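Here is how the chains run, residue by residue.
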Amino acid sequence: MKKTTKRFFALLLSSLMVLTLLTGCGGGGDKPAEGGETTGSKELTVYTAFPEAEVAYYFNAFEEATGIKVNALRLSAGEMLTRVAAEKDNPQAALMFGGSTDNYIAAVDQGLLEPYQSPELENTPDTYIDPTGTWNPIYVGAIAFACNKDWFAEKGYDYPTSWDDLLDPKYQGQIIMAHPATSGTAYTVLATLIQLKGEDAVWDYLKELNKNMSQYTKSGSAAPNAVALKEAAIALTFSHDGLQPTTEGYPIELSFPSDGTGYEVGAMALIKGGPADQQENAKKFIDFMCSAEGQNLYAENNSFRVPTNTQATVAPGLVTLDSVAVIDYDAVWAAENKTTFTEQFEANIVAAPTE
C-alpha cells in the first residue's frame, strides 16, 4: 500500500476515534458483570499530543496486535495537561500519550499520574528514564529551524545557523512558532532560550525576535505546516515535526543553531484514577510503545522520531541528538518554572504593546 493511502486511512481512523470519544466512550469506573464481578474492557481511552494522522497508525497497529480498540482525543501537550488536571476528581481517560517530559514532570508534581514503568525499558538508556518511576520515555527529538527551501532559494539567502541569525530584519513576518502556554514544543523553545541567554536577557532577545514573528499558533505541529504552505519561511519546532510535511512533497529542510539547541524526551503515562476497567489495557499499550516492535513504527510511518529503545530501527538520515549541538537541557527545572515563564512570555511578548 502506498504511504499516501496509509496516511488517508490513518487520518480517517483518527477522526472516527475522536468522534467515538466525544460521544461518550471515555467514562470512568468498573463495569460490573452478573454476580458483582468486574469485567475487563476491550477499549482504551487516551489523550494524545501526537498529530492525528500519525497517532492513528500506532493505535491501529496496537488494535491489530491485541484486539483492544483505542478511543482518542488529540490535544496540544499543554491542553492535555490542563484537561487531565481539570478532570483530576473524575478522570475520563486512562492514558496520556506523547508530548515532552516537561509536561509529565509537572503532572507528577500535581499528583495526576499513576506510577508504572514498562519492563520494555530495559533497552532504553538510563539518561531518559524517569527517576520517580512514573512516566515512560518513547522518543527523542531536537529543536530545529524548519526552513522553506523554495522561499530561501528565491531570496538567495542561506539558512539561519544561530539564534541571533533569526533577528535579521530580512525575516520580518517570516518566523512562526506555537505559544509556550499551549504547546510543549514552544515551551521547549522558550526554556532552551532561557537556559542559553539567562532569565533577564532572554526577554530582550524575544522582544527583538517578536518583530519577525508571523504568529503564535496553538500547537507545535501547526508551525511547520504553515512553512510548508509558504505562509512563513521558518518554523521553530522539533525536527520530527519539521520534516513531517516532506512526506507529502513539501520543500522543507532543517537547520540547527550551532550555539546550542534544546530537545525533548517524549513520554507516556497512566492517568491516576482513570477508568479502572482499562488499566491493564493502558499498561499493555505502554509496553507496546516502549518495545522495539512499537517504536519500529516510527520508521515505518515516516514520523522522523528517534526511538529511545536501542533495539528499534532508526530510519536512514534521521536527525539524532549526537549529530547536533544540544545543550544540557534541564527538563525538571523547565517543568518547575513553566507557569512562571509562560505567564512572563504572555505579559512581556504577546501582550506587550508594539513599538
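These figures come from a predicted structure and were not determined experimentally.

Novice: Residue-level account of the side chain of Thr-185, with values.
Specialist: Among the secondary structure elements, Thr-185 is positioned in helix H6 (residues 184–197). For Thr-185, a relative accessible area of 9% puts it in the buried group. Filtering out sequence-adjacent residues up to four positions away, Thr-185 remains in contact with Ile-143, Gly-220, Leu-236, Thr-237, Phe-238 and Asp-241.

Novice: Hey, could you go over the side chain of Thr-217 for me, with residue numbers and the actual values?
Specialist: Note that Thr-217 resides in strand E9 (residues 213–217). Polar contacts involving the side chain of Thr-217 include one to the main-chain carbonyl oxygen of Ser-219, which spans 2.9 Å. Those residues in contact with Thr-217, other than ones at most four positions away along the chain, are Ile-176, Met-177, Ala-178, His-179, Thr-182, Ala-222 and Ala-223.

Novice: Mind laying out empty space enclosed by the protein, listing which residues take part and the relevant values?
Specialist: All told, the structure shown has two cavities of 30 Å³ or more when counted by the stated rule. Its volume calculated, the largest cavity comes out at about 190 Å³. Ala-49, Arg-74, Gly-99, Thr-185 and Asp-241 are, among the 23 residues lining the largest cavity, the residues nearest its centre. Breaking the lining of the largest cavity down by element, the ones donating at least two residues are strand E5 (95–100), H6 and helix H9 (239–243). If you tally residues by element for the lining of the largest cavity, the top one is E5, at three residues. Counted by class, the lining of the largest cavity contains seven nonpolar, 12 polar and four charged residues.

Novice: Lay out the environment of Ala-331 with the relevant residues and their values.
Specialist: Here Ala-331 lies in helix H12 (residues 331–336). Since its relative accessible area comes to 17%, Ala-331 is described here as buried. A C-alpha to C-alpha distance of 9.2 Å links Ala-331 and Asn-103, two positions 228 residues apart in sequence. Non-local contacts of Ala-331, meaning those with residues more than four positions away in its chain, are made with Thr-101, Asp-102 and Ile-105.

Novice: Please set out the nonpolar core residue by residue, giving values where relevant.
Specialist: One broad rule of soluble globular proteins: the nonpolar side chains tend to lie buried together. Within the largest apolar cluster, 69 residues are counted, with the highest numbers of intra-cluster contacts made by Trp-163, Leu-166, Leu-206, Ile-234 and Leu-236. Counting residues per element, this core draws most heavily on H6, at seven residues. Apart from residues lying up to four places away in sequence, Leu-236 is in contact with Ala-144, Phe-145, Trp-163, Leu-166, Ile-175, Ile-176, Met-177, Thr-185, Val-189 and Leu-209.

What counts and how
- Residues numbered from 1 in each chain as written.
- Predicted model: local features only at pLDDT ≥ 70, side-chain atom pairs only at ≥ 80, totals over all residues.
- Heavy atoms only, no water.
- Helix = DSSP H or I, 4+ residues; strand = E, 2+ residues; numbered from the N terminus.
- Buried < 20%, exposed > 50% of the residue type's maximum accessible area, 1.4 Å probe, protein only.
- Contact = heavy atoms within 4.5 Å.
- Polar contact = N/O pair within 3.5 Å; in protein donor to acceptor, adjacent residues only side chain to side chain.
- 1 Å grid on protein atoms, 1.4 Å probe; cavity = no way out; pocket = protein on both sides within 12 Å on 5 of 7 lines; lining within 4 Å.
- Points joined across faces, edges and corners; volume = space filled by probe spheres on them.
- Nonpolar A, V, L, I, M, F, W, Y, C, P; charged D, E, K, R; others polar.
- Core = buried A, V, L, I, M, F, W, Y, C linked by side-chain atoms within 4.5 Å.

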